[in-house]
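So you can see what is in the structure, the chains are spelled out below.
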Amino acid sequence: APLSADEASLVRGSWAQVKHSEVDILYYIFKANPDIMAKFPQFAGKDLETLKGTGQFATHAGRIVGFVSEIVALMGNSANMPAMETLIKDMAANHKARGIPKAQFNEFRASLVSYLQSKVSWNDSLGAAWTQGLDNVFNMMFSYL
Ligand code: HEM
């Protein structure tokens, strides 16, 4: 089911607390999933601790986290569905072309949620709202992957 307006505002409120920590978020995801980092031609085989301080890393972190921000901004309003579908369809097509499997998307998702849990005050209703929102987004992505 699409997110209710209340669920969407829970998701947005918590996301707003971390969304400017782009580098920190991508670092957390790569640290937990070296196999994801290894798929990036420009990062593969490099030292994450060094990479973390580079402009190239910041640029990429900004793109990925910025994409999540765009999606989160569109949640909870059925009028935004076509826009969301367009963004997700393009993103899935880019990643399909790069040979990224669903299993890695699921790893990414799990790390994103554990990052949030470590940074914002978590509770069952917030968790349920994120689960529903991410189920919707990932189901849509997987239908194009
Ligand atoms: C989970 C495994 C993933 C892998 C291995 C992966 C890999 C990649 C690679 C190799 C690039 C191209 C980097 C470049 O050459 O500059 C890229 C770009 C990008 N990725 Fe991912 N990605 C993953 C998941 C995600 C997720 C979940 C999102 C969104 C939440 C995302 C958003 C983006 C965006 C916005 C770009 C830049 C635009 C583009 O080229 O598509 N990626 N990704």
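In what follows, the structure referred to is the one given above.
In this report, we go over the structure that sits alongside the text. The shown structure was predicted, so the numbers you read here are calculated from the model rather than taken from an experiment.

**Notes on the layout of surface pockets**
Okay, so step 1: Within this model, the largest pocket holds a volume of roughly 680 Å³.
Okay, so step 2: Element by element, the count of residues in the lining of the largest pocket is highest for helix H5 (residues 55-74), at 7 residues.
Okay, so step 3: When its residues are assigned to classes, the lining of the largest pocket shows 20 nonpolar, 5 polar and 3 charged.
Okay, so step 4: Quantified by volume, the second largest pocket comes out at close to 200 Å³.
Okay, so step 5: In terms of lining residues, the second largest pocket is bounded by 14 residues, among which Pro2, Leu3, Met81, Met84 and Asn136 are the most central.
Okay, so step 6: Listed by contribution, the elements that provide at least two residues to the lining of the second largest pocket are helix H6 (81-97) and helix H8 (124-144).
Okay, so step 7: Per-element accounting of the lining of the second largest pocket gives the leading share, 4 residues, to H8.
Okay, so step 8: Across the lining of the second largest pocket, the residue classes break down as 8 nonpolar, 6 polar and no charged.

**A short note on the nonpolar core**
As a rule of thumb, soluble globular proteins bury nonpolar side chains together.
Okay, so step 1: Trp15, Phe30 and Met141 are the most contacted members of the largest nonpolar core, which has 48 residues in total.
Okay, so step 2: Look past the residues within four positions of Trp15 in its chain and what remains in contact with it is Ile25, Val65, Val68, Ser69, Val72, Leu112, Leu116 and Trp130.

**Remarks on the packing of H6 against H8**
Okay, so step 1: Here H6 crosses H8 at 50 degrees, and the two axes come no closer than 8 Å. Relative to H8, the element H6 is oriented oblique. Seen along the crossing, H6 lies across H8 with a hand that is right-handed. Residues Met81, Met84, Glu85, Ile88, Lys89, Met91, Ala92 and Lys96 of H6 form the contact with H8, whose own contacting residues are Val137, Met140, Met141 and Tyr144.
Okay, so step 2: Class assignment for the residues of the contact of H6 with H8 results in 9 nonpolar, no polar and 3 charged.

**Some details on the coordination of the iron atom of the ligand**
Okay, so step 1: You will see that the iron atom of the ligand has only one donor from the protein, His95 (NE2), lying 2.0 Å away.
Okay, so step 2: Within the secondary structure, His95 sits in helix H6.

**Here we look at the environment of Ala8**
Okay, so step 1: Considering the arrangement of structural elements, one finds Ala8 in helix H1 (residues 5-16).
Okay, so step 2: Residues Ala8 and Ala61, spaced 53 residues apart in sequence, show a C-alpha to C-alpha distance of 23 Å.
Okay, so step 3: Every residue in contact with Ala8, bar those within four places of it in the chain, is listed here: Leu3, Met75 and Gly76.

**Side note on the packing of helix H7 (residues 102-119) against H8**
Okay, so step 1: At a closest axis distance of 12 Å, the pairing of H7 and H8 adopts a crossing angle of 160 degrees. Judged on the interaxial angle alone, H8 and H7 are roughly antiparallel. Handedness of the H7/H8 crossing: right-handed. Contacts from Lys102, Phe105, Asn106, Arg109, Val113 and Leu116 of H7 reach H8 at Trp130, Thr131, Leu134, Asp135, Phe138, Met141 and Phe142.
Okay, so step 2: Partitioned by chemical class, the residues of the contact of H7 with H8 number 8 nonpolar, 2 polar and 3 charged.

**Some thoughts on the site of the ligand**
Okay, so step 1: Taken together, 18 residues are adjacent to the ligand, and Gln42, Met91, Asn94, His95 and Arg98 come closest.
Okay, so step 2: Between the ligand and Gln42, the relevant distance is 3.1 Å, taken from an oxygen atom to a side-chain nitrogen or oxygen of the residue.
Okay, so step 3: With respect to the ligand, the side chain of Asn94 contributes an N or O atom lying 2.8 Å from an oxygen atom.
Okay, so step 4: Because more than half of its atoms lie within 2 Å of the grid, the ligand is assigned to the largest pocket.
Okay, so step 5: Contributions of two or more residues to the shell around the ligand are made by H5, H6 and H7.
Okay, so step 6: Ranked by residue count, the leading element in the shell around the ligand is H5, at 5 residues.

What counts and how
- Residues numbered from 1 in each chain as written.
- Predicted model: local features only at pLDDT ≥ 70, side-chain atom pairs only at ≥ 80, totals over all residues.
- Heavy atoms only, no water.
- 1 Å grid on protein atoms, 1.4 Å probe; cavity = no way out; pocket = protein on both sides within 12 Å on 5 of 7 lines; lining within 4 Å.
- Points joined across faces, edges and corners; volume = space filled by probe spheres on them.
- Helix = DSSP H or I, 4+ residues; strand = E, 2+ residues; numbered from the N terminus.
- Nonpolar A, V, L, I, M, F, W, Y, C, P; charged D, E, K, R; others polar.
- Core = buried A, V, L, I, M, F, W, Y, C linked by side-chain atoms within 4.5 Å.
- Buried < 20%, exposed > 50% of the residue type's maximum accessible area, 1.4 Å probe, protein only.
- Contact = heavy atoms within 4.5 Å.
- Axes fitted to C-alpha atoms, helices over the stretch in contact; angles between N-to-C directions.
- Parallel < 35°, antiparallel > 145°, perpendicular 65-115°, else oblique.
- Left-handed = near helix turned anticlockwise from the far one by under 90°.
- Donors = N, O, S within 2.8 Å, 3.2 Å for Na, K, Ca; no water.
- Near = heavy atom within 4 Å.
- Polar contact = N/O pair within 3.5 Å; in protein donor to acceptor, adjacent residues only side chain to side chain.
- Sits in = over half its atoms within 2 Å of the grid points.

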